[in-house]
Amino acid sequence: MNVLICGAGRYTRHLLERLGERWRITLVDLSEELLRSLVPKHQTLVKILTGDASSPVILESAGVDSADYVLALTDNDKVNLAVAGFARKKGNRHILSLVHDFAFLEKFRELDVHTLFPGNMVGGFLYHWLQDPRIHVFPVAQGHGEMVEFEVTRDNWVIGMPVSAMENPEWRLAGFFRNTEMIIPEPEQIIREGDRLILLGKRNFFRSVCSVLTCEHMPFPMAWGRSALIVLNGEHEKDIKKHVDEAMYLVRNSRVSHVSVLYHESLPDTAEVLSQWTGRHEIRLHRTDKKMAGEIGTVCRKENAGIVIIRPLEKSFLKSLTRPETIALAHELPCPMLIARQTFPYERILVPFSNTSMSERALKTAVDLSGLFNAAVDAAVVEEPEFIHSKERKPVADLLRRVRELSHIHKINIGEIVRQGNPVKELTELAADYQLMIVGSTSSEKEFLTPHVGELLTERSPCSVLVIAAD
């Protein structure tokens with residue numbers, strides 16, 4: 001990750017001592033002597049510039065355009081404000097600044113900049129903020145120890161585990177908060193989503209906590225299941241082969257134990273098509289003479305599927321008036337469902353982002369998939385006209401702020417797209433430039449003759465659509 005730091009004071013020097021090799025630091029300061037003295041000590045320093053950090057020319061030379069993070073850490077609030085303002089103008093999303101005088105605080109807030117006031121804990125806070133903003137660290141025992149506060153999120157492996165699973169020689173679980181209740185842990189107590197764990201350990205045990213609690217998350221699609229289910233709902237061998245090609249592309253790049261195939265007995269023999277796949281995964285066949293939609297859930301649960309891969313469903317006009325058929329099927333399954341349109345390889349992923357927990361889950365899934373496929377991820381926010389929007393909605397600025405938080409947490413650049421108008425029209429037009437759209441669905445219900453946005457996206461999108469409807 002590329003970090004531009006303006007100011008080589010004590011907070012910066014403390015931070016440089018703690019950052020690991022994956023960080024690439026560009027440092028700007030007025031003192032050439034101070035800058036040169038730091039270079040031999042810190043391999044993370046890849047570039048130094050002597051000059052006024054408030055100068056646009058200096059900031060351009062420092063590579064403000066390509067910085068993942070910009071830290072304004074000089075002892076002058078006017079300089080820090082100029083750095084933050086220029087970085088925001090250039091589109092930088094993760095900006096932090098020191099504020100020495102409360103009179104400047106409102107100006108920084110107008111720029112939506114994360115702010116810190118000088119103090120003994122600033123150096124450590126900067127390090128922890130860069131590593132993972134979900135974890136809060138506080139020094140104890142006169143600096144010889146630390147207390148870490150960590151929130152258990154829905155994609156964390158410790159959910160459902162007993163407190164005894166948290167045993168570690170480097171720290172102790174001192175207690176945790178569930179809502180507003182403080183709980184003294186017992187070995188058999190079960191950890192739940194939303195619990196805030198309080199850990200005690202020696203100084204600098206943060207990295208160990210991070211690696212165990214946050215970094216070792218289950219890769220896609222292991223959070224839902226350990227296999228992939230391919231549903232052959234085509235009619236011709238050519239369609240089946242294309243469908244299997246995309247399914248196997250996904251399987252080959254993800255972490256599944258085996259592949260299951262569900263097909264109707266009326267289809268042509270699938271053995272020849274499947275024999276062309278020479279991957280390392282075991283293939284289990286499930287043949288049925290019943291309606292496919294009714295069998296998918298049964299096989300999915302039997303095989304512990306983490307993803308179902310299916311071609312677009314044929315629509316019943318009368319049923320579609322009262323029920324969003326594709327979305328309804330997705331909600332009946334215990335795992336995500338991919339509507340495959342053979343638009344692989346997945347080089348660009350689009351995620352509609354709104355004020356729902358499932359859209360956030362969709363964006364987190366996109367981040368996970370981006371690592372598997374080396375794909376770019378964009379979050380799209382569509383502002384509907386006030387007169388057609390019946391539900392309470394968050395301001396666009398709040399939604400984009402959350403996108404940036406997720407970008408910061410997962411250390412990935414998430415593009416931001418804002419459109420105005422009909423969400424289905426705007427998103428399907430955008431999807432023409434993508435190979436995969438990930439839609440988070442909160443409901444399978446619709447009113448009579450009223451369109452279901454998620455259903456229309458699965459129908460009209462020109463690219464493959466992954467529906468996230470299962471927690």
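Reference entry: report on the structure contained in this document. (Residues numbered from 1 in each chain as written. Predicted model: local features only at pLDDT ≥ 70, side-chain atom pairs only at ≥ 80, totals over all residues. Heavy atoms only, no water.)

Scanning the protein from terminus to terminus reveals 16 helices and 21 strands. Taking all 471 residues of the protein together, 52% fall into the buried category. When contacts within the protein are restricted to residue pairs at least 6 apart in sequence, long-range pairs at least 24 apart make up 70% of them. Here the protein has roughly 22,800 Å² of accessible surface; of this, 50% comes from carbon and sulfur atoms. (Helix = DSSP H or I, 4+ residues; strand = E, 2+ residues; numbered from the N terminus. Buried < 20%, exposed > 50% of the residue type's maximum accessible area, 1.4 Å probe, protein only. Contact = heavy atoms within 4.5 Å. Areas by Shrake-Rupley, 256 points an atom, 1.4 Å probe, with all protein chains shown as cover.)

On to the pattern of salt bridges, then. By the definition in use, this model includes 20 salt bridges. Across the pair aspartate 398 and arginine 401 runs a salt bridge whose closest N-O atoms are separated by 2.7 Å. Taken together, the residues span about one helical turn, with aspartate 398 and arginine 401 both in helix 14 (residues 396–410) at a distance of three residues. Classification of arginine 401 as partly exposed rests on a relative accessible area of 31%. One connected set of salt bridges, linked through shared partners, spans Arg93, Asp112, Asp398, Arg401, Arg404 and Glu416. (Salt bridge = Lys/Arg side-chain N within 4 Å of Asp/Glu carboxyl O.)

Closest axis-to-axis distance for the helix 13 (residues 357–373)/helix 14 pair is 11 Å, and the angle between their directions is 35 degrees. Crossing handedness for the pair helix 13 and helix 14: right-handed. Across from Glu360, Leu363, Lys364 and Val367 in helix 13, the residues of helix 14 making contact are Arg402, Val403, Leu406 and His410. Split into classes, the residues belonging to the contact of helix 13 with helix 14 amount to four nonpolar, one polar and three charged. (Axes fitted to C-alpha atoms, helices over the stretch in contact; angles between N-to-C directions. Left-handed = near helix turned anticlockwise from the far one by under 90°. Nonpolar A, V, L, I, M, F, W, Y, C, P; charged D, E, K, R; others polar.)

If you check helix 14, its first and last C-alpha atoms are 21 Å apart, about what 15 residues at 1.5 Å a residue would give, namely 21 Å. Restricting attention to buried positions, one finds in helix 14 the residues Val396, Leu399, Leu400, Val403, Arg404, Leu406, Ser407, His408 and Ile409. Phi turns positive one or two residues past the end of helix 14, at lysine 411, with a value near 55 degrees. (Expected span 1.5 Å × (residues − 1).)

Next up on the list: the sheet that holds strand 13 (residues 258–264). With respect to topology, ten strands assemble into an open sheet ordered 14-13-12-15-16-21-20-17-18-19, the strand pairing being mixed. One side of each edge strand has no neighbouring strand; the edge strands of this open sheet are strand 14 (282–288) and strand 19 (414–420). Taking the axes of each pair of neighbouring strands and ignoring which way they run, one obtains an average angle of 20 degrees across the sheet. Sheet topology note: the strand 12 (residues 227–232)/strand 13 ladder contains six bridges and is parallel. Paired with valine 231 across the strands is leucine 262, a residue of strand 13. Contacting strand 18 (376–383) and strand 19, helix 14 crosses the sheet at an angle of about 165 degrees to strand 19. (Pairing = 2+ DSSP bridges.)

Quick look at helix 13 now. With 17 residues, helix 13 extends 24 Å from end C-alpha to end C-alpha; this agrees with the ideal 24 Å at 1.5 Å per step. Asparagine 374 sits one or two positions beyond helix 13 and adopts a positive phi of about 55 degrees.

All right, on to the packing of helix 12 (residues 325–332) against helix 16 (residues 453–460) then. Two elements in contact, helix 12 and helix 16, have axes separated by 8 Å at closest approach and are oriented at 105 degrees. Between helix 12 and helix 16, the crossing angle belongs to the class labelled roughly perpendicular. Between helix 12 and helix 16, the contacting residues are Glu325, Thr326 and Ile327 on the first element and Gly454, Glu455 and Thr458 on the second. Looking at the contact of helix 12 with helix 16, its residues break down into one nonpolar, three polar and two charged. (Parallel < 35°, antiparallel > 145°, perpendicular 65-115°, else oblique.)

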